[in-house]
Amino acid sequence: KAGVTQTPRYLIKTRGQQVTLSCSPISGHRSVSWYQQTPGQGLQFLFEYFSETQRNKGNFPGRFSGRQFSNSRSEMNVSTLELGDSALYLCASSSGGNSYEQYFGPGTRLTVT
Amino acid sequence: AQKITQTQPGMFVQEKEAVTLDCTYDTSDPSYGLFWYKQPSSGEMIFLIYQGSYDQQNATEGRYSLNFQKARKSANLVISASQLGDSAMYFCAMREVFAGGTSYGKLTFGQGTILTVHP
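Quick caveat, the model's predicted, so the values are computed rather than measured. (Residues numbered from 1 in each chain as written. Chains lettered and ligands numbered in written order. Predicted model: local features only at pLDDT ≥ 70, side-chain atom pairs only at ≥ 80, totals over all residues. Heavy atoms only, no water.)

**Notes on the overall build of chain B**
For chain B, the count of helices and strands is zero helices and twelve strands. Starting at the N terminus, the α and β elements of chain B follow one another as β-β-β-β-β-β-β-β-β-β-β-β. Its C-alpha radius of gyration of 14 Å places chain B within 12% of the 14 Å reference for a compact globule of 119 residues. If one aligns the C-alpha atoms of chain B with their principal axes, the spans along those axes are about 45 × 30 × 20 Å. Partitioning the intrachain contacts of chain B with sequence separation of at least 6 by distance along the chain shows that 56% fall at a separation of at least 24. Once the 9 positive and 10 negative side-chain charges of chain B are each reduced to a mean point, those two points are 3 Å apart. (Helix = DSSP H or I, 4+ residues; strand = E, 2+ residues; numbered from the N terminus. Rg over C-alpha atoms; globule rule 2.2 N^0.38 Å. Contact = heavy atoms within 4.5 Å. Lys, Arg positive; Asp, Glu negative; His and termini not counted. Charge placed at Lys NZ, Arg CZ, Asp CG, Glu CD.)

Quick look at the structure:
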């Protein structure tokens, strides 16, 4: 069974630009969660999508948004990038139901200059 | 609100010895799940072990075991027979579990413990 995939793996953007990150969950998993990891703030929950609907959201500004497609693939968008958005962005997939299993992708390392 | 505390920023262990990584938590949720993840320098989060709050026995997965003490709100990870490949950052995390066992995907993480295994 293929694992969680994230593209691109590395990204360099300039302040003010926008970026879209992609996450493909494990086959059969309907939930995708996104996390931001920085040295200062650690791992913080951004949002979760289940069956194309956002069902949980962290405490991030509206510049951070996401969506999920019918095949459960998810995208995360950050508009008007700031230097502080430089981070490792991780997505995790799970069945979304009673199973506790939650598996992470390799992450996308975003650098904002 | 949920909170995870990992008080050991760094730990050192000799190869083949056992090591315990500490984790305490705070939550008002009646039902929850506790996780440990390993993050090597590559960045990927690797699932190690899970403990449900109503599980009667401590979870074990190979060389990993979770010392769950509900009254003390602690969920320490024990790694037996440490290997050089165990050197990594380790995160404790928790998630609310709703009635019927359903969980949302939101995990609350601790700050992590860097484990270094010496040969």
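**Quick notes on the interface of chain B and chain A**
Every contact between the two is made by 21 residues of chain B and, on the other side, 23 residues of chain A. A buried area of about 1900 Å², summed over both sides, lies between chain B and chain A, and 51% of it is on carbon and sulfur atoms. Remark: the boundary between chain B and chain A carries zero salt bridges. For the pair chain B and chain A, the interface holds four residue pairs in polar contact (both at pLDDT 80 or more). Those elements that place two or more of their residues in the side of chain B that touches chain A are strand S5 (32-39), strand S6 (46-52) and strand S10 (88-96) of chain B. Counting residues per element, the side of chain B that touches chain A draws most heavily on S5 of chain B, at three residues. Of the residues that constitute the side of chain B that touches chain A, the class distribution is nine nonpolar, nine polar and three charged. (Buried area = accessible area lost by both parts, 1.4 Å probe. Salt bridge = Lys/Arg side-chain N within 4 Å of Asp/Glu carboxyl O. Polar contact = N/O pair within 3.5 Å; in protein donor to acceptor, adjacent residues only side chain to side chain. Nonpolar A, V, L, I, M, F, W, Y, C, P; charged D, E, K, R; others polar.)

**Digging into the environment of Met 45 of chain B**
Mapped onto the fold, Met 45 of chain B is located in the loop between S5 and S6. Residues Met 45 of chain B and Ser 31 of chain B, spaced 14 residues apart in sequence, show a C-alpha to C-alpha distance of 24 Å.

**Some thoughts on unusual backbone geometry**
Generally, phi is negative for residues other than glycine and the peptide bonds are trans, each holding for most cases. For the peptide bond that leads from Thr 7 of chain A to Pro 8 of chain A, omega is -10°, which places it in the cis range. Relative to the helices and strands, Pro 8 of chain A resides in the loop between strand S1 (5-7) and strand S2 (10-13). Of note, Lys 16 of chain B is a non-glycine position whose phi angle comes to about 80°, a positive value. Among the secondary structure elements, Lys 16 of chain B is positioned in the loop between strand S2 (10-14) and strand S3 (19-21). The exposed category is assigned to Lys 16 of chain B, whose relative accessible area is 70%. In this model, Lys 73 of chain B sits at a positive phi of 55°, which is unusual for a non-glycine residue. Inspection of the secondary structure puts Lys 73 of chain B in the loop between strand S8 (64-69) and strand S9 (74-79). Taking relative accessible area as the criterion, Lys 73 of chain B reaches 30% and is therefore assigned partly exposed. (Buried < 20%, exposed > 50% of the residue type's maximum accessible area, 1.4 Å probe, protein only.)

So yeah, pure geometry; function would need other evidence.
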